[in-house]
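# Secondary and tertiary structure notes
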Amino acid sequence: MLEQIEQWIDATNIKYKTQRISCEKFASEFAGFYPVEFLKNAFYVVYKIPKPDFAGLREMGLGDFVDMDAAGITYKNTYYLLPEVAKDLRVHFHELVHVAQWLKLGPDAFMMRYISEIQHVGYNDAPLEKMAYALDTQFASKGNKIDVLRHVAQTL
């Protein structure tokens, strides 16, 4: 199943490659949180939220996740946003945490962990999501800046 999901992710990212926007444009807003090199290699697409909908995902108990109305979703170094949240820096920040998680864990480990967390504790209590929400709250509160890549690496 993971191979099928990754093939779908790669095909999706290729399909929207010409619509991708580099996150380097957020270098000043996210200074102290994300290094410029990381932002240069992270991208977003404003469109609809593409999600795989294989029968196997539903059989694994992930139907609620597949059907969930999400403002954004991250696949490797690219995330997809609905047009109505495209100007919300906090949503970008949150999805970039997931880019960092994908980068640190690698595709197979990220997908296995994310699926397992959703299956066992649900989306709202999934540790990968809780980490992203905690960090986007830190950003939104204008509190102390934190090196997100280091934090993700040390926490995972």
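In case you missed it, the structure is sitting above this.
None of these values were measured; they are calculated from a predicted model.

## Let's talk about the pairing of strand E2 (residues 43–46)
Two strands pair when backbone bridges link them, and strand E1 (residues 21–22) and E2 are joined in this way by 2 bridges, in the antiparallel orientation. Its bridge partner lying in E2, isoleucine 21 is registered against tyrosine 44.

## Focus: the side chain of histidine 92
Structurally, histidine 92 is set in helix H5 (residues 89–105). Owing to a relative accessible area of 0%, histidine 92 belongs among the buried residues under this scheme. Filtering out sequence-adjacent residues up to four positions away, histidine 92 remains in contact with Phe26, Phe30, Tyr44, Tyr79, Leu81 and Ala86.

## Quick word on the packing of aromatic side chains
With the rule as written, the count across this model stands at 19 aromatic pairs. Measuring from centroid to centroid gives 5.8 Å for phenylalanine 30 and tyrosine 34, while their planes differ by 65°, and the two rings are edge-to-face. Residue class for phenylalanine 30 comes out buried when judged on its relative accessible area of 0%. Taken together, the ring pairs connect Phe26, Phe30, Phe33, Tyr34, Phe38, Tyr44, Tyr79, Phe93 and Phe139 into an aromatic cluster. The ring centre of phenylalanine 43 lies 3.7 Å from the NZ or CZ of arginine 20, which sits over that ring. One cation-aromatic arrangement involves lysine 51 over phenylalanine 65; the distance from NZ or CZ to the ring centre is 5.6 Å.

## Focus on the packing of helix H1 (residues 2–15) against helix H6 (residues 107–121)
Taken N-terminus to C-terminus, the directions of H1 and H6 make an angle of 110°; their axes are 11 Å apart at the nearest point. The orientation of H1 with respect to H6, classified from their angle, is roughly perpendicular. In this structure, H1 meets H6 at a crossing whose hand is right-handed. Seen from H1, the contacting residues are Leu2, Ile5, Glu6 and Ile9; seen from H6, they are Pro107, Asp108, Met111, Met112 and Ile115.

Cut-offs applied
- Think of each chain on its own: its residues are numbered from 1, step by step along the sequence as written.
- Restriction of local features to residues with pLDDT of at least 70 applies here, the model being predicted, together with a cutoff of 80 or more for giving and counting side-chain atom pairs; totals for whole chains, interfaces and linings are based on all residues.
- For the side-chain quantities, the full set of heavy atoms in the structure was used; hydrogens and water were omitted.
- When DSSP finds two or more bridges between a pair of strands, those strands are recorded as paired.
- Counting from the N terminus, the helices are the DSSP runs of H or I reaching at least four residues and the strands are the DSSP runs of E reaching at least two.
- For each residue, the accessible area found with a 1.4 Å probe, counting protein chains only, is set against the maximum for its type, and the residue is called buried under 20%, exposed over 50%, and partly exposed in between.
- Residue contacts are defined here by distance: any two heavy atoms, one from each residue, within 4.5 Å place the two residues in contact.
- The rule is short: rings of Phe, Tyr and Trp, with Trp giving its six-membered ring, pair when the centres are within 6.5 Å, and they are stacked under 30 degrees, edge-to-face over 60, tilted in between.
- For a lysine, the NZ atom is tested; for an arginine, the CZ atom; a charge sits over a ring if that atom is within 6 Å of the ring centre and within 35 degrees of the ring normal.
- Only the contacting stretch of a helix is used when fitting its axis, a line to C-alpha atoms as for every element, and angles between N-to-C directions run 0 to 180 degrees.
- To sort the angles, those under 35 degrees are grouped as roughly parallel, those over 145 as roughly antiparallel, those from 65 to 115 as roughly perpendicular, and the leftovers as oblique.
- Crossings are classed by handedness, with left-handed meaning an anticlockwise turn of the near helix from the far one by less than a right angle and right-handed meaning a clockwise turn.

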